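Structural overview for review
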Amino acid sequence: MATMQPEPRAAQIDRDSAWSLFDAAARRYLRMSGEEFLKAWDANSFSDPDPDAHRGVMDVAILIPLVR
Amino acid sequence: MPGASPYEAVQACVAPLQRVIFCVSTAVLGVGGGTYISSAPHVLTLANGPERLGRTGGDGRPEVVLSVAQQYAIRDDGGGSHRVQTLAYTCKIDEAAEGHEILAYHWHPGSISPVRYPQLHLCFGARIGREEFRKAHLPTGRIALEDFVQFLIEGFEVRPAREDWLEVLNRTRQEFRENRSWA
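Scope of this entry: the structure provided in the associated data block. Everything numeric in this text was worked out from a predicted model, so none of it was measured.

**Topic: unusual backbone geometry**
Even without a glycine there, the phi angle at R31 of chain A is positive, about 55°. Turning to its location among the elements, R31 of chain A is positioned in the loop between α1 (15-30) and α2 (34-42). Look at R31 of chain A and you get exposed, because 9 C-beta atoms sit within 10 Å. In this structure, R127 of chain B is a non-glycine residue whose phi angle is positive, near 60°. Tracing the sequence through the fold places R127 of chain B in the loop between β7 (119-122) and β8 (138-139).

**Quick word on the interface of chain B and chain A**
Counting residues at the interface gives 37 residues for chain B and 23 residues for chain A. Residues that form the side of chain B that touches chain A fall into these classes: 17 nonpolar, 16 polar and four charged. In this structure, strand β1 (residues 11-12) of chain A lies alongside strand β1 (residues 29-31) of chain B, joined through two bridges in parallel fashion. Residue pairing in the sheet places Q12 of chain A in a bridge with V31 of chain B of β1 of chain B.

**Here we look at the pairing of strand β2 (residues 42-46) of chain B**
All names here are of chain B. Among the five residues that make up β2, five are buried, leaving the element largely enclosed by the rest of the structure. Sheet analysis places β1 next to β2, joined by three bridges and oriented antiparallel. By the bridge assignment, G30 is partnered in β2 with T45. Where β2 lies against strand β4 (residues 64-78), four bridges are found, and the strand directions are antiparallel. Its bridge partner being in β4, H42 is matched across the sheet by Y72.

**As for the nonpolar core**
Counting 56 residues, the largest nonpolar core has V60 and L63 of chain A together with V10, V24 and V149 of chain B as its most contacted members. If one sorts the elements of this core by residue count, helix α1 (residues 6-21) of chain B sits on top with seven residues. Those residues within four positions of V10 of chain B in sequence are excluded, and the remaining contacts are A10 of chain A together with V31, G34, T35, I74 and V84 of chain B.

**Thoughts on helix α2 (residues 145-155) of chain B**
All names here are of chain B. All buried positions along α2 are accounted for by L145, E146, V149, Q150, L152 and I153. One face of α2 carries all of its buried residues, which in axial projection span an arc of 155°. Structural note: α2 exposes E154 and G155 on the side pointing more than 90 degrees away from its buried face. Buried residues in α2 make contact with α1, β4, β5 (81-95) and α3 (165-179).

**A few points about α1 of chain B**
All names here are of chain B. The terminal C-alpha atoms of α1 lie 23 Å apart, and with 16 residues this matches the ideal 22 Å at 1.5 Å per residue to within 8%. Along α1, 12 of the 16 residues are buried, which leaves the element largely enclosed by surrounding structure. Taken as a whole, α1 has its buried residues at P6, A9, V10, Q11, C13, V14, P16, L17, Q18, R19, V20 and I21. Along its buried surface, α1 packs onto β1, β2, β4, β5, α2 and α3.

Rules behind the numbers
Residues numbered from 1 in each chain as written. Chains lettered and ligands numbered in written order. Predicted model: local features only at pLDDT ≥ 70, side-chain atom pairs only at ≥ 80, totals over all residues. Helix = DSSP H or I, 4+ residues; strand = E, 2+ residues; numbered from the N terminus. Buried ≥ 20, exposed ≤ 12 C-beta atoms within 10 Å, placed from the backbone. Contact = placed C-beta atoms within 7 Å. Nonpolar A, V, L, I, M, F, W, Y, C, P; charged D, E, K, R; others polar. Pairing = 2+ DSSP bridges. Core = buried A, V, L, I, M, F, W, Y, C linked by C-beta atoms within 7 Å. Arc of directions from axis to C-beta. Expected span 1.5 Å × (residues − 1).

Next up, the structure:
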């Protein structure tokens, strides 16, 4: 008899893991810490002329809601 | 994919995406508490970070690293129905050995970037070489994760994690097309 596979569920990323993911992404893509990235992001350091032209910025920025 | 509650809507959205990821990896998708209606976007991403993917053709083929992230919101459709709306996405592969980005699909219409359309970046690891590509945003349509994973298997020779991967992708692709909120 065939068995139904349970639907996969989304894992919950807790606060510590979220910060670790964010910090690792900043270090991987931009060679800076997550904290340094947030400071630079808030200071609009990536906005001239296009943050997407700075490789990796949007790959980190998309994760900001994980830590804010 | 609608759900009776915000939580169920998120799970209904994630389930097919997770099946897609399982076609190439055992990596698990996770959300950072994002199962409630909020004016701030939520994030869906690989819960343990970027995932190394093996390639067919022998153990000597260099691995690639998969990254996937989405920002989303949960909408109340009324009548007890809730739906997840994608607000932005990135999906990309990098060289595992050197860490160079190969290519990245981005869509982030609500960000401070002036580029509003879905786009493809061909990066250093793609070894294109032309200066014009260094900062180019190559326009694309919205990219479904199913299409990206099929490209990885067929075009990049990423090793499938299950034999029926094409069947799984076609099934989830059909679900995606029936439920997406854009043409």
